[in-house]
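What follows is the residue order along each chain.
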Amino acid sequence: MGNIAIGILTRPYGSRNIAFVLKLSKAAVERGHSVKLWLSADSTTVLKKNQHKYKKTFHFEDDIKELLEKGVEIVACESCVGMRGVTEEDLIEGVPMKTMTWFMEAALTADASLIIGEE
Amino acid sequence: MADKNVFFLIRKTAKEEVASIAIDHALGCLTVLEFEVEPMVAFAGDGVLNVLKEQEGMDTYGVDSVEERVKMLLMSDVKVLALKDDMDRLGITEEMITDAKEYDAEEAVTPVSWKEILKGMEEADMVMFF
Amino acid sequence: MKLGIFVSDFRYDVKTLDKVKTDEIGIFLVQDGVYNAVLKENGKSSDILEKGKVFALGDDIKFRGFKEDQVDERVEVVGYEDIVDLMMNNYEKLIWL
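Procedures and definitions
- Residues numbered from 1 in each chain as written.
- Chains lettered and ligands numbered in written order.
- Predicted model: local features only at pLDDT ≥ 70, side-chain atom pairs only at ≥ 80, totals over all residues.
- Heavy atoms only, no water.
- Helix = DSSP H or I, 4+ residues; strand = E, 2+ residues; numbered from the N terminus.
- Buried < 20%, exposed > 50% of the residue type's maximum accessible area, 1.4 Å probe, protein only.
- Contact = heavy atoms within 4.5 Å.
- Lys, Arg positive; Asp, Glu negative; His and termini not counted.
- Charge placed at Lys NZ, Arg CZ, Asp CG, Glu CD.
- Buried area = accessible area lost by both parts, 1.4 Å probe.
- Salt bridge = Lys/Arg side-chain N within 4 Å of Asp/Glu carboxyl O.
- Polar contact = N/O pair within 3.5 Å; in protein donor to acceptor, adjacent residues only side chain to side chain.
- Nonpolar A, V, L, I, M, F, W, Y, C, P; charged D, E, K, R; others polar.

## Some details on the overall build of chain A
- Looking only at helices and strands, chain A features four helices and five strands.
- Reading the secondary structure of chain A in the N-to-C direction produces β-α-β-α-β-α-β-α-β.
- Projected onto its principal axes, the C-alpha positions of chain A cover 35 × 30 × 25 Å.
- Relative to its 119 residues, chain A shows a buried fraction of 55%.
- Within chain A, counting contacts between residues at least 6 apart in sequence, those at least 24 apart form 71% of the total.
- With 15 positive and 17 negative side-chain charges, chain A shows a spacing of 8 Å between the two charge centroids.

## A look at the interface of chain B and chain A
- Taken together, the contacts link 23 residues of chain B with 21 residues of chain A.
- For the pairing of chain B and chain A, the buried interface totals around 1700 Å² over both sides, and the portion due to carbon and sulfur atoms is 70%.
- When the area that chain B buries against chain A is broken down by residue, the three leading residues are Glu17(B), His25(B) and Met126(B), summing to 31%.
- The tally of links from chain B across to chain A stands at one salt bridge.
- Salt-bridge contacts for Glu17(B) lead to Arg84(A); the nearest nitrogen and oxygen are separated by 2.9 Å.
- Seen at the junction of chain B and chain A, the total is six residue pairs in polar contact (both at pLDDT 80 or more).
- For the side of chain B that touches chain A, the elements supplying multiple residues, two or more each, are β1 (4-10), α1 (18-29) and β5 (126-129) of chain B.

## Thoughts on the interface of chain A and chain C
- On the side of chain C, 18 residues touch chain A, which itself brings 21 residues to the contact.
- Surface buried jointly by chain A and chain C totals about 1700 Å² across both partners, of which 69% is contributed by carbon and sulfur atoms.
- Per-residue buried area on chain A facing chain C is highest for Phe20(A), Arg31(A) and Leu114(A); these three make up 33% of the total on that side.
- One can count one salt bridge joining chain A with chain C.
- When the shortest N-O distance is used, the salt bridge between Arg31(A) and Asp85(C) registers 2.8 Å.
- Inspection of the chain A/chain C interface yields four residue pairs in polar contact (both at pLDDT 80 or more).
- Of all elements in the fold, only β1 (3-8), α1 (17-30) and β5 (112-116) of chain A reach the threshold of two or more residues within the side of chain A that touches chain C.
- The leading source of residues in the side of chain A that touches chain C is α1(A), at seven residues.
- Partitioned by chemical class, the residues of the side of chain A that touches chain C number nine nonpolar, six polar and six charged.

Next comes the structure, spelled out in C-alpha cells:
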C-alpha cells in the first residue's frame, strides 16, 4: 500500500477544507494507505485540545484523535503554532510540532502529495 | 543536479498569509537532509504583485514583507519566476521588480511566459499551488 | 504529465485552469466546486466540464441540496475512497486550484 502526504493552511472552522482533509484521510487509511498530515498557518488551531462540542455542528477534535489512533501522522508547524500563542501542551496528545522541512520531506517521499494552499 | 524538484505557483497577494507561507515551504526544501531538493518559485495572476520592490514591511507593520522572503529565495539561489503576461496586465515593468543585489545574489526574478511555467510544472517531481 | 486538479470553489480560478495544458487532466469537484457539476447558469453548463475528466464528490453534492440525477452526464460522481484510488493510481501530480 502507498503513502499520502497532505498539507493544509486553511482556517480551521471558517472553511470546510479541514473536514474534507479529515474525511479523505480516513478513507485513505481504510484503503490501507499511510497518511501524513501537515497543518500550518491558521489550520494549526484545529489541533488544540478541549474543543467544545456543540450539537450537530462541526467538531474536529474527535476526528483527529480517531485518525491518530488509526496511525495517521498529524504534525503542526512549529513556528505557526508558536506565533498563535499555542504550546505543545495545548495540542491534542500525539500531535508533535515540526518545521516546514519535515513536510517537504514527507511530501517528496509520498506516492501522492497535495497541498491545500488557501486560507 | 538535485534529487527532487518542487515547483511552487503563488497566486495570492499581500492580504493573506498564504504567499509568505508558500515561500517558507520553498525555503524548507533547502534544509531537507535526506536528499537534495531544488525548489522553483513562480508568481502568476495577481500574485505577481508580490515581486514588486520597496515593500515596506518593517516600517509599517514591523514584519518582513513578501519581498524580503523573495530576496531570501534569491540569496539561496532559488529560481524565481514571474508571469510576464500578468506583469504587463498590471503595468509592472522589469524595473519595478525586486532583486537581491545588496546581498550579492546572482539570481534575479525572471519574467517568463506561461510556457516556461508549464515547463517547470512538467519537470518537477511535485507541484504546489498557493 | 497526468495532473489531478482539485476545485473547491464555484467561481474557481478560470484563468489559471485555462492555461494548464497537459497530457491528461482530471478535475475533482469538491465542496462548492460541485456547483459546476449541477448548475446551468443562464442555461449554460460550466465550462470546467470541458477541461478534462471530471469527478464530483457525492457527499458535497448532497450536502448542497442536489441529487445525483441532477449531475451533468459528463461528470462521474465519486466518494472519498474513489478519490483516494484516483490520487494513488491515476495522477502523477495533484494541485488544489
